[in-house]
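Secondary and tertiary structure notes
In case you want the letters, here they are:
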Amino acid sequence: MNLSFFDQFSSPSLLGIPLILIAMVFPALLLPSPGNRWINNRLSTLQLWFINLITKQLMIPLDKKGHKWALILTSLMMFLLLTNLLGLLPYTFTPTTQLSMNLALAFPLWLATLLTGLRNQPSVSLGHLLPEGTPTLLIPALILIETTSLLIRPLALGVRLTANLTAGHLLIQLISTATTTLMTTMPVVSLLTLAVLLLLTILEVAVAMIQAYVFVLLLSLYLQENI
Amino acid sequence: LPAAVLLKDTKLMDVKLGQLGSWLATRDFTPGGIMGAMRRGYERYYNKYINVRKGGLGGISMVLAAYVVLSYMWSYSHVKHDRRRKYH
């Protein structure tokens, strides 16, 4: 069996049933819908407070038409946040390490913002391709550059999320392997490596949350340009 | 000897071992029945541990711990090769 450090990212399956579906659906179990009470339980209250916070943050720069996007952006944010954080538990599988899934999330949403802009206000959307105040000679080059930067956005969104999470998980696995291997031969160095591992885990928790936020924030920015 | 309550209505903890087979035969194994059973299980757990006045960390921690254990069981066949390897 050819074992490598990348085996943790292979899509898990049990007797031919892909388990990635369970990893994707599980965060929904942790988000109960609030009941009819005036004051709900602590979990629902916390969750409601958090969702209100995110939605207000995302919707402030958008005008009334953009508020139609509130549901999808907020649910995307909750999904990415929970899947990233759950992936830090031992032995769990993070579906957002799969490039296929991140591109499947990024591409349609970016395309939706682009088509909304081109359909409703085509000249304004195309006008974003040329920043104000460029010298006349540079205009053709700049339009090409801005078009490339526009077309590469979905790739960047997907790859950014994948690369950040994959790199984090790999680093954790490498450093923990080093810690356990060094425990028998050089315990002091092993303790130092353990300290590094602790700091890295804290960083990974932060990265998990930040990457989810960045994904959704960038999408809302693309929406602002086009709505 | 007819049971005081119909076998269909007895709870699992009250079923005698010999009656287990016939009890299982009375359960509803259609997809709708399985979804109903999962919904009932979820509601039982939710109302006992989470939907309480002063719920604490224990409610979700048990769910997360179960998720970790389940993931370990699913990945065991893959992870068991890592045990005493010199080069990973």
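Residues numbered from 1 in each chain as written. Chains lettered and ligands numbered in written order. Predicted model: local features only at pLDDT ≥ 70, side-chain atom pairs only at ≥ 80, totals over all residues. Heavy atoms only, no water.

For the rest of this paragraph, the subject is the pattern of salt bridges. Residue and element names in this part refer to chain B. Scanning the entire structure with this criterion turns up two salt bridges over all chains. A salt bridge links E43 to R39, with the nearest nitrogen and oxygen atoms 3.3 Å apart. Here E43 and its partner R39 are both found in helix α2 (residues 31–50), four residues apart, which amounts to about one turn of the helix. (Salt bridge = Lys/Arg side-chain N within 4 Å of Asp/Glu carboxyl O. Helix = DSSP H or I, 4+ residues; strand = E, 2+ residues; numbered from the N terminus.)

Here we take up the environment of A:L76. Residues and elements named next belong to chain A. Mapped onto the elements of the fold, L76 is located in helix α3 (residues 70–86). On the basis of relative accessible area, L76 is assigned to the buried category, the value being 6%. C-alpha separation for the pair L76 and T45, spaced 31 residues apart in sequence, amounts to 20 Å. If we skip the residues at most four places from it in the chain, L76 touches L105, L109, F215, V216 and L219. (Buried < 20%, exposed > 50% of the residue type's maximum accessible area, 1.4 Å probe, protein only. Contact = heavy atoms within 4.5 Å.)

Take the nonpolar core next. All names here are of chain A. Residues L73, L76, L80, L157, F215 and L219 are the most contacted members of the largest nonpolar core, which totals 31 residues. Among the elements of the structure, α2 (42–59), α3, α4 (99–120), α7 (153–185) and α8 (187–226) are those that each provide at least two residues to this core. Formed by seven residues, the second largest nonpolar core is a distinct cluster that contains I20, A23, F26 and F93. (Core = buried A, V, L, I, M, F, W, Y, C linked by side-chain atoms within 4.5 Å.)

For the rest of this paragraph, the subject is the side chain of A:Q98. When you line up the elements, A:Q98 lands in the loop between α3 and α4. Those residues in contact with A:Q98, other than ones at most four positions away along the chain, are A:F9, A:I20, A:F93 and A:T162.

Moving on, we get to the interface of chain B and chain A. By convention, interface size is frequently given as the accessible area that disappears when the constituent parts associate. With 23 residues of chain B at the interface, the matching set in chain A holds 24 residues. Between chain B and chain A the total buried area reaches about 2,200 Å² when both faces are included, carbon and sulfur atoms providing 71% of it. Where chain B meets chain A, there are zero salt bridges. Remark: the boundary between chain B and chain A carries three residue pairs in polar contact (both at pLDDT 80 or more). Of all the elements in the fold, those that place two or more residues in the side of chain B that touches chain A are α2 and α3 (58–79) of chain B. Here the side of chain B that touches chain A gets 11 residues from one element, more than from any other, and that element is α3(B). Grouping the constituent residues of the side of chain B that touches chain A by class yields 12 nonpolar, seven polar and four charged. (Buried area = accessible area lost by both parts, 1.4 Å probe. Polar contact = N/O pair within 3.5 Å; in protein donor to acceptor, adjacent residues only side chain to side chain. Nonpolar A, V, L, I, M, F, W, Y, C, P; charged D, E, K, R; others polar.)

Purely geometric stuff here, so don't read any function into it on its own.
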